[in-house]
Amino acid sequence: MRRVTWLAGLGVLWLVASSGVQADTATAFQQGRDTAASGAAAASAVNATNATGNVPGYNTAPTEAGLWRDGKVNLSGDGLGKQAGCTTASTSGFNGKECDAINFLGSGRPEYPLENNDAIFNTSKGITKDNRSLIAGLTGGNGTGGCVTVETTIPGLDKVERCEAFLEPVDKRCSVGRVVNVDSKANYQCDQTINAYETLSCDEAGVDCTVTGQELKCVPVSKTCIAGGGSCCMVNISCNGNTVNIAHSDCCGYSYNKSVSNVNTFISGVSYNPAGARIVCSSSGSCAMSFENYYCSNPNVSIGSYPNVNAFNFNTKPLFSCTTGGGCEGLEARTR
């Protein structure tokens, strides 16, 4: 008898609790209906002051507000930056809902296949079959065109219809003046007969030449950077006609190549490493080599200058100035 009485008492308590909850819900619902029916406005309570204390994350000056002012229309950079920032940001809690949505949109959305009879295509079929009536009157046109209406009624048959309009060929010409090419070596005789030609001769037997100077001639050279230095730092000079190539390798493992188009450039000096090491030659072919030392980490800055560390000689060849006698100079001048 006691056990039965206890179960009955528990049931009474549950019914009482359940009835209390239903009563509270009904009361709140009725209060909402009464408030709406009375016409009481809630707009006065919706303001920045109330939102600051009750809306999580509310801010009267969000950073995104600057994106919509001053004529800024290209938001792709800001959007990509926001997307990149959300890939590592936390999406937990209220503040993470924005990044949660951005990550969802950026991770790819499902693709929906479109069939041939989809409404998006059916809407445009009338335009593609016959657009004359649709463009009639636009920009002064009459919509007649040069194409005809084509309809295909056989199911399952795909046809390609082309309408081609060709431009009428027009023969356009322009006047071009006569172009006269003058040959300096031709003997132009205007309005003269054959009897006007001259027969002249000269004798170049008397040729007089004098030496006016001399120029350098390249000679292959191989030298260490400093006389008596290690073979890891070398300067090699090779010749190709009047062109000179300088190949320099240092103990840091760097290699430098420089091509000089005229060997006489060495008279004014030629640099062969980034720090400013030079080779300078005299007009008589005597050459002196200097060296600029540098740290391997910065080969462009010299940390020590060593002048005249090596010497070698280029060959020379004379320069001539010749004149001829016998009257040939005058005849040559007349043919130019």
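Everything discussed here concerns the structure shown above.
Residues numbered from 1 in each chain as written. Predicted model: local features only at pLDDT ≥ 70, side-chain atom pairs only at ≥ 80, totals over all residues. Heavy atoms only, no water.

1. What about the overall build of the chain?
- Scanning the chain from N- to C-terminus turns up seven helices and ten strands.
- Residues classed as buried in the chain amount to 13% of the 336 residues present.
- Partitioning the contacts of the chain with sequence separation of at least 6, the portion at a separation of at least 24 is 42%.
- For the chain, the accessible surface area stands at approximately 26200 Å², while carbon and sulfur atoms represent 55% of it. (Helix = DSSP H or I, 4+ residues; strand = E, 2+ residues; numbered from the N terminus. Buried < 20%, exposed > 50% of the residue type's maximum accessible area, 1.4 Å probe, protein only. Contact = heavy atoms within 4.5 Å. Areas by Shrake-Rupley, 256 points an atom, 1.4 Å probe, with all protein chains shown as cover.)

2. Re the sheet that holds strand β4 (residues 243-249)
- Spatially, four strands are ordered β2-β3-β4-β5 in an open sheet, and the strand pairing comes out antiparallel. The sheet terminates laterally at β2 (221-224) and β5 (255-260), the two strands that pair on one side only. The mean angle between the axes of side-by-side strands here comes to 15 degrees, regardless of whether they run parallel or antiparallel.
- Of the pairings in the sheet, the one linking β2 to strand β3 (residues 234-240) comprises four bridges and is antiparallel in character. (Pairing = 2+ DSSP bridges. Axes fitted to C-alpha atoms, helices over the stretch in contact; angles between N-to-C directions.)

3. So, the nonpolar core
- With 24 residues, the main nonpolar core has I237, F266, Y272, I279, F312 and F314 as its most contacted residues.
- Elements with a minimum of two residues in this core: β3, β4, β7 (278-281), β8 (286-293) and β9 (304-313).
- Among the elements that take part in this core, β8 stands out by supplying three residues, more than any other.
- Look past the residues within four positions of F314 in its chain and what remains in contact with it is L216, K217, C218, V219, I237, V263, F266, C281, S284, G285 and C287. (Core = buried A, V, L, I, M, F, W, Y, C linked by side-chain atoms within 4.5 Å.)

4. Focus on the packing of helix α3 (residues 76-86) against helix α4 (residues 97-106)
- Where α3 meets α4, the closest approach of the two axes is 9 Å, and the angle between their N-to-C directions is 105 degrees. As the angle between them shows, α3 and α4 are arranged roughly perpendicular. From α3, K82, Q83 and C86 reach across to α4, where they touch E98, C99, I102, N103 and G106.
- When grouped by side-chain class, the residues that make up the contact of α3 with α4 number three nonpolar, three polar and two charged. (Parallel < 35°, antiparallel > 145°, perpendicular 65-115°, else oblique. Nonpolar A, V, L, I, M, F, W, Y, C, P; charged D, E, K, R; others polar.)

5. Here's the deal with the pairing of β5
- Sheet analysis places β4 next to β5, joined by six bridges and oriented antiparallel. Paired with H248 across the two strands is Y256, which belongs to β5.
- Where β4 folds back on β5, the antiparallel hairpin that results is connected by five residues, among which G253 adopts a positive phi of roughly 100 degrees.

6. What about the side chain of D250?
- Its location among the elements puts D250 in the loop between β4 and β5.
- K258 is the oppositely charged side chain nearest to the buried, salt-bridge-free D250, at an N-O distance of 15 Å.
- Here the side chain of D250 touches Y254 through a polar contact of 2.8 Å, landing on its backbone nitrogen.
- At 2.4 Å, the side chain of D250 and the side chain of Y294 are in polar contact.
- Among residues more than four places away in sequence, those in contact with D250 are C232, C233, Y256 and Y294. (Lys, Arg positive; Asp, Glu negative; His and termini not counted. Salt bridge = Lys/Arg side-chain N within 4 Å of Asp/Glu carboxyl O. Polar contact = N/O pair within 3.5 Å; in protein donor to acceptor, adjacent residues only side chain to side chain.)

7. Concerning the pattern of salt bridges
- Tallying each qualifying case throughout the model produces two salt bridges.
- Of the charged contacts, one joins E98 and K82 as a salt bridge, the two residues approaching to 3.6 Å between their closest N and O atoms. With E98 in helix α4 and K82 in helix α3, this residue pair connects regions lying 16 residues apart in the sequence.
- Its salt-bridge partner being E215, residue K317 comes within 3.3 Å of it at the nearest N-O pair. Here E215 lies in strand β1 (residues 207-217) and K317 lies in strand β10 (residues 315-324), a separation of 102 residues in the sequence.
- Overall, the relative accessible area of 38% leaves K317 in the partly exposed class.
- Residue classification places E215 among the partly exposed residues on the basis of a relative accessible area of 21%.

8. Some thoughts on unusual backbone geometry
- One non-glycine residue with positive phi stands out, namely N308, at about 50 degrees.
- Here N308 lies in strand β9.
- Residue classification places N308 among the exposed residues on the basis of a relative accessible area of 61%.

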